[in-house]
Amino acid sequence: MADPLRVMIVDDEAPARALLRQYLGVEPGVVVVGECVNGFEAVKAISEQRPDLIFLDIQMPRLDGFEVLELLDPVPGVIFCTAYDEHALRAFEVHAVDYLLKPFGRERLAEALAHARERLTSVADATGMRSESRPAAVTPGTLAAAARPAGHTLERIAVRDGAQVHVIPVERVDLLEAQDDYVAIHEGGRTHLKHQTLAALAETLDPARFVRVHRSFVVNVERIARLELLAKDSRVAVLRDGKQVPISRSGHERLKAALG
Amino acid sequence: MHPLFRRAGRLALYCFAAALSGVLLAAVLRLLTPRPWLDALVFAVPAALIYGFAVLSAWWVCRANPLSGGLSTLAAQLGAALQASALWTGAAALLGVLIARAASLGPGPPGILRDLATLFVIGIPFYLLSAVVHYLLIMFEASHAAEKSALESRVSAREAELRALRAQLNPHFLFNSLNSINALVGIDPEGARRMCEGLGDFLRRTLALGARESVPLGEELALVDRYLDIEQVRFGDRLRVERGVDPAVLDWAVPPLLLQPLVENAIKHGVQDAVEGGAVRLEARREGDLLVLTVENPFDADAPARRGEGVGLENVRRRLAAFGTHEARLVAGRVGERFRVRLELPAPHEARGGSGG
């Protein structure tokens, strides 16, 4: 194999990183290009280093493994390493190469590496370019949609602004506004852009709190100060900060249902 | 609703009994004023049925006037008896008139006054009898409910114990610890041995303490120390531990396995979820007659409230309740930049005395 596999380790626990370093150190054709101790570092380092493969823990402070993936574009090959087996289904939905359950042995890791090489070469053959390698059909949109298990609603939204990552608790969000392929997240006077459709993001939020009042707007009902009737069937919601949000007829029905 | 109406079978039986008393009543009326059986029955049986239902009103009167009320209850019941009997007499008068009009049967205008006087006199003791039966019924129901709730609290105490044990042996804690040992084997074999020993010791202590009703605080703290040693390997510098334990309270009896879940929570929220980690502070001291234990961790105001927060606390609350001490309580909340759980336990002898159930 001409080029070595460039891998990165993302885990907040030092022994877990040490174990991977030991295992990977003796694997031929693998070079560890970096280690990250939390999700923020990971997003920055992965964007800069563009590794072929990352070993990713799920339970990490502030930004978990799935949220890290959501903020990456392109997404490298991913091998999850976790003590929790309940995330396996989600891992497959985000096209993870493999899912290592702690504690794991050398043989299991070698097997995962073999999977990764297989996956990455097949993609490389298809594109003819090794450096562009990434699992097929993984975009931030599909990742975001899969990043939450069914029936669970989002508690925080991770957005990336260049190398900076913001984590916004959903209760702070005032309003979501569709802007082409992006969603503008209005939060206490600030606005963040997230690469996702409004429908996809709205789907992951608590429907009792976030109501789609218009094709282009999802509003946090707790921020609504009052509703004003402009003309027959034409209403606006006035938020606490004075912002006015148009309400469509079907949006008004949904709002009434949510407010009970 | 009156319990009699909850089952059709019971109600039918009661109606049958009321009708039978109607026959008895007919016999009494015939004795006082001789007349044909038909005349007596056609008046007495419906009247008895009416009163049979009227005396059920004692159910509500009994509930409103518990026996502990003494004289005022007696007065209320006597008043109710007079009222019930008077109403019944009135209803019977109406009944008598109707029967006389419809079929020219029954006591008829001249004799009816005597009959009504008889009914009024009979009605009072019957109402009081009904009141006595209802009081018995209420007492029976209360003791039944008490038994049931005692049983329920025993079951929930057992459940709480099981839950605590299961939480104690959190599989993810074990998996992560084994992964740490796995790493240490390659880079620090001596550390790996120490950790195996520590993990074994922690598990053994957990099983031993979990089987007991109460343990000295010192033993509970030793278990927490084993736990912290293991977590220290995982989190390294990110986990800092501060202790403020008054040696004088180490002998006090506490329910086992209370502190470790609190410390586990503190690590999860104050250390694991914080990029820079944080300090977990553990205190034990005496305040008056109380043993006060506090576990504190840094609190990130920016972090969204996580689902599942409070489950650990709920477990500890249940364990406190299962311990059976009413004076014991748990207070949890933010204190400035920190999250604090404060446990208050009564003096040792009270703690032991209350742990009977």
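The shown structure was predicted, so the numbers you read here are calculated from the model rather than taken from an experiment. (Residues numbered from 1 in each chain as written. Chains lettered and ligands numbered in written order. Predicted model: local features only at pLDDT ≥ 70, side-chain atom pairs only at ≥ 80, totals over all residues.)

**Examining the overall build of chain B**
Secondary structure assignment for chain B yields eleven helices and seven strands. Expressed as a percentage of the 357 residues in chain B, the buried residues total 33%. Long-range pairs, those at least 24 residues apart, make up 73% of the contacts in chain B with a sequence separation of at least 6. (Helix = DSSP H or I, 4+ residues; strand = E, 2+ residues; numbered from the N terminus. Buried ≥ 20, exposed ≤ 12 C-beta atoms within 10 Å, placed from the backbone. Contact = placed C-beta atoms within 7 Å.)

**What about the overall build of chain A?**
The secondary structure content of chain A amounts to eight helices and 15 strands. When each of the 260 residues of chain A is scored for burial, the buried share is 40%.

**With respect to the sheet that holds strand S5 (residues 98-101) of chain A**
Residue and element names in this part refer to chain A. In spatial order, the strands read S2-S1-S3-S4-S5; together these five strands make up an open sheet with parallel pairing. Of all the strands in the sheet, the pair left with one neighbour each is strand S2 (30-36) and S5. In this sheet, adjacent strand axes meet at a mean angle of 20° when their direction is disregarded. The pairing of strand S3 (residues 53-56) with strand S4 (residues 77-82) spans four bridges and is classified as parallel. (Pairing = 2+ DSSP bridges. Axes fitted to C-alpha atoms, helices over the stretch in contact; angles between N-to-C directions.)

**Remarks on the interface of chain A and chain B**
Interfaces are often sized by the amount of accessible area the parts lose when they come together. The interface of chain A with chain B comprises 19 residues on the first partner and 22 residues on the second. With six residues, the single largest contributor to the side of chain A that touches chain B is helix H1 (residues 14-25) of chain A. Taken together, the residues that form the side of chain A that touches chain B break down as eleven nonpolar, two polar and six charged. (Nonpolar A, V, L, I, M, F, W, Y, C, P; charged D, E, K, R; others polar.)

**A short note on the packing of helix H8 (residues 217-235) of chain B against helix H9 (residues 259-272) of chain B**
Residue and element names in this part refer to chain B. Direction vectors running N to C along H8 and H9 enclose 25°, while the axes themselves pass 9 Å from each other. The pairing of H8 with H9 is recorded here as roughly parallel in orientation. The two elements H8 and H9 meet at a crossing, and its hand is right-handed. Together, Glu220, Leu223, Val224, Tyr227, Leu228, Glu231 and Phe235 of H8 and Leu259, Gln260, Val263, Ile267 and Val271 of H9 make up the contact between the two elements. (Parallel < 35°, antiparallel > 145°, perpendicular 65-115°, else oblique. Left-handed = near helix turned anticlockwise from the far one by under 90°.)

**What to know about helix H1 (residues 8-32) of chain B**
Between its first and last C-alpha, H1 of chain B extends 36 Å over 25 residues, near the 36 Å set by a 1.5 Å rise per residue. Considered for burial, the residues of H1 of chain B that qualify are Gly22, Leu25, Ala26 and Leu29 of chain B. (Expected span 1.5 Å × (residues − 1).)

**Topic: the nonpolar core**
Membership of the largest hydrophobic core comes to 106 residues, with the highest contact counts inside it found for Ile79 of chain A together with Val263 of chain B. When residues of this core are assigned to their parent elements, the largest contribution, eight residues, is made by H8 of chain B. In this structure Ile79 of chain A touches Leu53, Phe55, Ala96, Val97, Asp98, Leu100, Ala112 and Ala116 of chain A, once residues within four positions along its chain are discounted. Within the second largest apolar cluster, 26 residues are counted, among which are Ala44, Val55, Val61 and Ala131 of chain B. (Core = buried A, V, L, I, M, F, W, Y, C linked by C-beta atoms within 7 Å.)

**Describing the sheet that holds strand S8 (residues 175-179) of chain A**
Residue and element names in this part refer to chain A. Pairing is antiparallel in the open sheet, where five strands are placed in the order S10-S9-S8-S12-S11. Of all strands in the sheet, those with a lone pairing partner are strand S10 (190-195) and strand S11 (210-214), marking the two edges. With direction set aside, neighbouring strand axes in the sheet form an average angle of 25°.

**What to know about helix H6 (residues 171-187) of chain B**
The terminal C-alpha atoms of H6 of chain B, which comprises 17 residues, lie 25 Å apart, in line with the 24 Å expected from a rise of 1.5 Å per residue. Where H6 of chain B is concerned, the buried positions are Asn176, Ser177, Asn179, Ser180, Ile181, Asn182, Ala183 and Leu184 of chain B. On the buried face of H6 of chain B, the contacting elements are H1 of chain A together with helix H7 (189-210) and H8 of chain B.

**Section: the confidence of the model for chain B**
All names here are of chain B. This prediction gives chain B a mean pLDDT of 84; 89% of its residues lie at or above 70. The lowest-confidence element of chain B is helix H11 (residues 348-353), averaging 47 in pLDDT; the highest-confidence one is strand S2 (residues 239-245), averaging 95. Low pLDDT, under 50, characterises residues 350-357; the predicted model gives this stretch 18 contacts beyond four residues in sequence or across chains. The ipTM value of the predicted complex is 0.72, and its pTM value is 0.65. (pLDDT = per-residue confidence, 0-100.)

**Here's the deal with the pairing of S3 of chain A**
All names here are of chain A. Residues Leu53 and Phe55 point to one face of S3 and Ile54 and Leu56 to the other, with burial holding for every one of them. Sheet analysis places strand S1 (residues 5-10) next to S3, joined by four bridges and oriented parallel. The residue of S3 that forms the bridge with Ile9 is Phe55. Once the chain exits S3 it traverses helix H3 (residues 65-70) before rejoining the sheet at S4, and the crossover so formed is right-handed. (Right-handed = clockwise from strand over helix to strand, strands pointing away.)

**A short note on unusual backbone geometry**
Each neighbour pair has its own omega, and for Asp73 of chain A with Pro74 of chain A the value is 5°, a cis peptide bond. With respect to the helices and strands, the residue Pro74 of chain A is situated in the loop between H3 and S4. The omega torsion across Lys102 of chain A and Pro103 of chain A is -5°, close enough to zero to call that bond cis. Phi angles above zero are rare outside glycine, and His95 of chain A is one such case at about 60°. Exposure remark for His95 of chain A: the 19 C-beta atoms within 10 Å place this residue in the partly exposed category. The phi torsion at Leu257 of chain B lies on the positive side, around 60°, for a residue other than glycine. Secondary-structure assignment places Leu257 of chain B in the loop between strand S3 (253-254) and H9. Residue classification places Leu257 of chain B among the buried residues on the basis of 23 C-beta atoms within 10 Å.

**A closer look at the packing of H7 of chain B against H8 of chain B**
Residue and element names in this part refer to chain B. At a minimum axis distance of 9 Å, the contact between H7 and H8 shows a crossing angle of 145°. Relative to H8, H7 is oriented so that their crossing is left-handed. Residues Met195, Gly198, Leu199, Asp201, Phe202, Arg205, Thr206 and Leu209 of H7 pack against Glu219, Leu223, Arg226, Tyr227, Asp229, Ile230 and Val233 of H8. A breakdown of the residues in the contact of H7 with H8 according to their chemical character gives eight nonpolar, two polar and five charged.

**Considering the environment of Leu162 of chain B**
Structurally, Leu162 of chain B can be placed in helix H5 (residues 108-168). The spacing of Leu162 of chain B and Gly210 of chain B is 48 residues in sequence and 9.0 Å in space, taken between C-alpha atoms.

**Let's talk about the environment of Ala100 of chain B**
By the secondary structure assignment, Ala100 of chain B is in helix H4 (residues 71-103). When the C-alpha atoms of Ala100 of chain B and Phe43 of chain B are compared, they prove to be 9.6 Å apart, with 57 residues separating the residues in sequence.

**Notes on the confidence of the model for chain A**
For chain A, the mean per-residue pLDDT works out to 86, and 88% of the residues sit at or above 70. Scored below 50 in pLDDT, residues 129-138 of chain A shows 22 contacts in the model against residues more than four places distant or in partner chains.

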